[in-house]
Amino acid sequence: MTGRTAVLLPPLLRAWLGLTSALAALVVGGLGVLYAGESGPGGVDARVWAAMHGVGSPWREVALAVDFLGEPVGAAAVVATVVAGCLLFRRRRAAVLVVAGTGLAVGATKLLKPLVGRTIHDGHLSYPSGHTAFLTALALVVALLVTGRLGLGRTASTSLVLAAGLVVGGAMGWAQVALGAHYPTDTLGGWCTALAVVPATAWLVDRAAGPGGRWDDRRRSAAS
């Protein structure tokens, strides 16, 4: 560890990721209004569903493996592993963000589902996808930690964070559609939920920690 405070959302990223967060929140809300109370796929959903749903071996096994990462046991194992890594490197603030970022993203989907009321497969609430929100949030958090560790510039940092969210969130979204668990727009809603929640959560954790605060990595490194 260096002697400086490990800020989770550095000033050079706040404007861009803040704008991304706001736009993502608008998309979540807009799709929620559009599909409120619906029980079937929209036009775009139907076309994407036809192309992706019902994959055979070995892609079905791949989809099941990705899906497991969003199940309670798989998600807990992944979060515990990342948190352990943060604590190993004495990044207490980062460990807090891992738990808070993923937890709040999933919690947001839990709150939105009954409000939107979109259903799939005999009345199961489907919008937005919690699995997609979770894995996207985790990818965004890890990417933020990597950019901070490497000291990347604004363009490289923003590109890395958004690319990580797109690739990892896209993988989970594909798995959910391929397995028939969600409509494509459900996964888009989950992806945008994570984009809306994680930057705001990182900013709040930074504010709560502050220089010399409860999770100040600089202070703890000096004390050790």
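Residues numbered from 1 in each chain as written. Predicted model: local features only at pLDDT ≥ 70, side-chain atom pairs only at ≥ 80, totals over all residues. Heavy atoms only, no water.

At a closest axis distance of 9 Å, the pairing of helix α5 (residues 92-116) and helix α6 (residues 130-150) adopts a crossing angle of 155 degrees. Looking at the two axes, α5 sits roughly antiparallel to α6. Helix-helix and strand crossings are classified by hand; for α5 and α6 the assignment is right-handed. For the pair formed by α5 and α6, the contact residues are A94, L97, V98, G101, T102, A105, V106, T109 and K113 on the first element and G130, A133, F134, A137, L138, V141, L144 and L145 on the second. Residues belonging to the contact of α5 with α6 are distributed by class as follows: twelve nonpolar, four polar and one charged. (Axes fitted to C-alpha atoms, helices over the stretch in contact; angles between N-to-C directions. Helix = DSSP H or I, 4+ residues; strand = E, 2+ residues; numbered from the N terminus. Parallel < 35°, antiparallel > 145°, perpendicular 65-115°, else oblique. Left-handed = near helix turned anticlockwise from the far one by under 90°. Contact = heavy atoms within 4.5 Å. Nonpolar A, V, L, I, M, F, W, Y, C, P; charged D, E, K, R; others polar.)

The next point concerns the nonpolar core. In a soluble, globular protein the nonpolar side chains are often hidden away together inside. Judged by nonpolar contacts, the single largest core of 44 residues is most densely connected at L8, V98, L144 and L145. Looking at this core, the elements with two or more residues in it are α1 (11-34), α3 (59-68), α4 (72-88), α5, α6, α7 (154-178) and α8 (184-209). The biggest single contributor to this core is α6, with nine residues. The residues contacting L145, other than those within four sequence positions of it, are L8, C86, R91, A94 and V98. (Core = buried A, V, L, I, M, F, W, Y, C linked by side-chain atoms within 4.5 Å. Buried < 20%, exposed > 50% of the residue type's maximum accessible area, 1.4 Å probe, protein only.)

This part is about the packing of α1 against α7. To describe two helices that pack against each other, one gives the angle between their axes and the distance between the axes. Closest axis-to-axis distance for the α1/α7 pair is 9 Å, and the angle between their directions is 35 degrees. Here the hand of the crossing between α1 and α7 comes out right-handed. Residues L12, L13, W16, L17 and T20 of α1 pack against R154, S157, T158, V161 and L162 of α7. Residues of the contact of α1 with α7, tallied by class, amount to six nonpolar, three polar and one charged.

On to the confidence of the model for the protein. Per-residue confidence for the protein gives a mean pLDDT of 90; residues scoring 70 or more make up 92%. Of all secondary-structure elements in the protein, the lowest mean pLDDT belongs to helix α9 (residues 217-223), at 48, while α5 reaches the highest, 97. Scored below 50 in pLDDT, residues 1-5 makes 13 contacts in the model with residues more than four places away or belonging to other chains. Contacts of residues 219-224 to residues separated by more than four positions or lying in other chains number eight contacts, the stretch itself having pLDDT below 50. (pLDDT = per-residue confidence, 0-100.)

Going from S57 to P58, the amide bond is cis rather than trans, its omega being 5 degrees. Residue position: P58 is located in the loop between α2 (43-52) and α3. Going from Y127 to P128, the amide bond is cis rather than trans, its omega being -5 degrees. We note that R90 has phi near 60 degrees; this positive angle belongs to a residue other than glycine. Here R90 is to be found in the loop between α4 and α5. For D122, which is not glycine, the phi dihedral falls at a positive 60 degrees. Structurally, D122 is set in the loop between β1 (119-120) and β2 (124-125). Looking at D122, the relative accessible area reads 83%, which means it is exposed.

Bringing the pattern of salt bridges into the picture now. Evaluated as defined, the whole model comprises three salt bridges. In this structure, the salt-bridge partner of D186 is R118, at a minimum N-O distance of 2.9 Å. Of this pair, D186 sits in helix α8 while R118 sits in the loop between α5 and β1, and the two are 68 residues apart along the sequence. We note that D186, like R118, is buried. Each of D45, R118 and D186 takes part in salt bridges that share partners, so that together they form one network. (Salt bridge = Lys/Arg side-chain N within 4 Å of Asp/Glu carboxyl O.)

It is worth spelling out the packing of aromatic side chains at this point. Summed over all chains, the structure comprises two aromatic pairs. Aromatic side chains W49 and Y183 sit 5.6 Å apart centroid to centroid with 50 degrees between the ring planes, which places their arrangement in the tilted category. Of this pair, W49 sits in helix α2 while Y183 is found in the loop between α7 and α8, placing the two residues 134 residues apart along the sequence. Residue classification places Y183 among the buried positions, given a relative accessible area of 6%. Here W59 and W174 contribute two aromatic rings whose centre-to-centre distance is 6.1 Å and whose plane-to-plane angle is 85 degrees, an arrangement assigned as edge-to-face. Of this pair, W59 sits in helix α3 while W174 is found in helix α7, placing the two residues 115 residues apart along the sequence. (Phe/Tyr/Trp six-rings, centres within 6.5 Å; stacked < 30°, edge-to-face > 60°.)

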